[in-house]
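Below, each chain spelled out in residue letters.
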Amino acid sequence: MSDTIAAIVTPAGEGGVGLLRISGPAALAIASGLFHSPGSGSPAVVPWRVYFGEIRDPESGATVDQVLFTLFKAPKSYTAEDVVEISAHGGVYVTSRILDLILQAGARLAQPGEFTRRAFLNGRIDLSQAEAVADVIGAQSERALQASLGQLKGRLSARLGELYDRLVSVLAQLEAAIDFSEEGLAFQKRETSKSITDEVMREMDALIESYRRGKIEREGARVALVGKPNVGKSSLLNALLMEDRAIVTPHPGTTRDLLEERVRIRDVHIRIIDSAGLRENPEIIEEEGIARARAALKSADLALLVFDLSLPLDGNDELLLAEAEGKTKIVVLNKCDLPERLDTGALLARLGGEEPVRISARDQAGLEGLIDAIRARLPGGAGDAEPVVLTRARHREQLIEAREALMRAGESLEQGLSEEFAALDIDAALQCLGRVLGRSCSEDLLDEIFNEFCIGK
Ligand SMILES: Nc1nc2c(ncn2[C@@H]2O[C@H](COP(=O)(O)OP(=O)(O)OP(=O)(O)O)[C@@H](O)[C@H]2O)c(=O)[nH]1
Ligand SMILES: [Mg+2]
């Protein structure tokens, strides 16, 4: 039997309302000892109904605040236990005074995340849903919010639960084969086991890949502006930000360090990085800046390769093309307001059909088209099939581990080794899925997850 916990749920500070939550077997007894409604004193509380009344100090009888009082009866509550919520005035003193009375009456102060931990332990939600609660609270954009809400509503759980069940059925087949090994039958079962395992692995791949998308949704895609000196990278940064953030001069080599800014473009929010111009044989003072530009290009989710339309292609442009080999990129042809001297045909031939975007950073022309192109290249744009997004590194690690185990299982089935080997590996994969869903996890893991939460959640 668990004890009764309480906390102020709203953030510390002044606000219109301060919410206190009490959860556990004694929640109602504790709260109704403090609550008095006008007229009837302590009413017989009907669950899920809001009562207006006063919190009084039981010792002195003094009124502490006027509040609203609601009982959520187990199991239909946040924690699946009896929960009382008291909406008081949102003041630092008044809420802590009420909390003190609740603690004096026998409740214990809740640990960070303890309400959600109880919801998990009581089976109302699984572990990935509990984690989604923290992610919804931490969401910084509409897309991050939607990804976390999907997870909270159990989309990831349903998907993994389904993979879990399929692997359980394979395991059952293998175990049956171990117990009753009749030649022909065993062979057929191996074939089906292998094909189900392969299928599950493919679906895991899609989920693992979705992590990149999830990360971008939470943190914003990293978009790097790269190009030789003086092509207008900093001017483009300023144009996208609509402010003079980066220094722009007619001298090549103006930008020396990385400059990163967040910008929201329609429904995408990106982190855009301006960098030093890439060039062959740089002076010593430029070298470090160029090394950083290369690193930015490497770690970017998307590279904007900027060329100067008013100049012919040169060795520095070639260098850029070589550096950006294999990156997701958009070719930006800047300075389209000037007479054209760039051999775009030759450039396009090098790029194998990538459609470049013409702009003038100076005149802010063509930016809409560029924004469309950015939007289309980022994950979550057109052509994204996997509806579930992995948002946590922990989930991704477990899936990668599960996938490796399935790979080994598939190999031993193929090589005709005893079913016992494959069974062991499939069991290992199930453990990994179980750790995401919280079906098999240690206290330490739970501590780690819930300690990240705030008190009151
Ligand atoms: N005509 C014209 N000039 C531009 C345009 N964009 C940038 N410039 C000019 O080109 C020069 C270089 O611009 P920057 O934005 O500093 O170029 P950068 O690529 O950041 O240069 P580095 O930091 O030296 O690598 C400045 O004189 C800008 O005013 C454009 O679209 N049209
Ligand atoms: Mg610059």
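Residues numbered from 1 in each chain as written. Chains lettered and ligands numbered in written order. Predicted model: local features only at pLDDT ≥ 70, side-chain atom pairs only at ≥ 80, totals over all residues. Heavy atoms only, no water.

Trainee: Go over the overall build of the chain, please, and point to the residues and values.
Mentor: Looking only at helices and strands, the chain features 15 helices and 13 strands. For the chain, whose C-alpha radius of gyration is 30 Å, the value lies well above the compact-globule estimate of 23 Å for 457 residues. With the principal axes as the frame, the chain shows a C-alpha extent of 85 × 75 × 35 Å. Contacts in the chain between residues far apart in sequence, at least 24 positions, make up 68% of those at least 6 positions apart. Accessible surface, the chain: about 21,600 Å² in total, of which carbon and sulfur atoms supply 52%. Distance from the positive charge centre (53 side chains) to the negative charge centre (72 side chains) of the chain: 3 Å. (Helix = DSSP H or I, 4+ residues; strand = E, 2+ residues; numbered from the N terminus. Rg over C-alpha atoms; globule rule 2.2 N^0.38 Å. Contact = heavy atoms within 4.5 Å. Areas by Shrake-Rupley, 256 points an atom, 1.4 Å probe, with all protein chains shown as cover. Lys, Arg positive; Asp, Glu negative; His and termini not counted. Charge placed at Lys NZ, Arg CZ, Asp CG, Glu CD.)

Trainee: How would you sum up the domain arrangement of the chain? Please name residues and give values.
Mentor: It is common to give the size of an interface as the accessible area lost on bringing the parts into contact. Looking at the chain, the domain boundaries give domain 1 (5-126), domain 2 (129-216 + 390-451) and domain 3 (220-377). Between domain 2 and domain 3, the residue contacts involve six residues of the former and seven residues of the latter. With both sides pooled, the region where domain 2 packs onto domain 3 buries about 520 Å², and carbon together with sulfur makes up 45% of that total. For the domain 2 face of the interface with domain 3, the top three residues by lost area are Ser141, Arg143 and Ile216, together amounting to 73%. For the pair domain 2 and domain 3, the number of links is zero salt bridges. Across the domain 2-domain 3 interface, the total number found is zero residue pairs in polar contact (both at pLDDT 80 or more). (Domains from an automatic or database assignment. Buried area = accessible area lost by both parts, 1.4 Å probe. Salt bridge = Lys/Arg side-chain N within 4 Å of Asp/Glu carboxyl O. Polar contact = N/O pair within 3.5 Å; in protein donor to acceptor, adjacent residues only side chain to side chain.)

Trainee: Which residues make up the pairing of strand E6 (residues 83-90), and what are the values?
Mentor: Across the eight residues of E6, six count as buried, placing the element largely inside the fold. With eight bridges joining them, strand E2 (residues 15-23) and E6 adopt antiparallel strand pairing. The residue of E6 that forms the bridge with Leu20 is Ile86. Relative to E6, strand E5 (residues 63-72) runs antiparallel, the two being bridged by five bridges. Across the sheet, Leu68 pairs through a bridge with Ser87, a residue of E6. (Buried < 20%, exposed > 50% of the residue type's maximum accessible area, 1.4 Å probe, protein only. Pairing = 2+ DSSP bridges.)

Trainee: How would you sum up the site of ligand 1? Please name residues and give values.
Mentor: In the vicinity of ligand 1, 23 residues are found, and the nearest of them are Ser235, Gly253, Thr254, Thr255 and Asp337. Between ligand 1 and Ser234, the relevant distance is 2.8 Å, taken from an oxygen atom to a side-chain nitrogen or oxygen of the residue. Here Arg362 contributes a backbone N or O atom positioned 3.1 Å from an oxygen atom of ligand 1. Bound to the protein, ligand 1 loses 90% of the 660 Å² it would expose on its own. Counting residues per element, the shell around ligand 1 draws most heavily on helix H8 (residues 233-241), which supplies three residues. Counted by class, the shell around ligand 1 contains seven nonpolar, twelve polar and four charged residues. (Near = heavy atom within 4 Å. Nonpolar A, V, L, I, M, F, W, Y, C, P; charged D, E, K, R; others polar.)

Trainee: I'd love a proper account of the sheet that holds strand E8 (residues 221-227), names of residues and values included.
Mentor: Within the open sheet, the six strands sit side by side as E9-E10-E8-E11-E12-E13. Their pairing is mixed. Each having just a single partner strand, strand E9 (259-265) and strand E13 (357-358) make up the two edges of the open sheet. Note that E8 and strand E11 (residues 302-308) share five bridges and pair parallel. Each bridged residue has a counterpart across the sheet, and for Leu225 the counterpart in E11 is Leu304.

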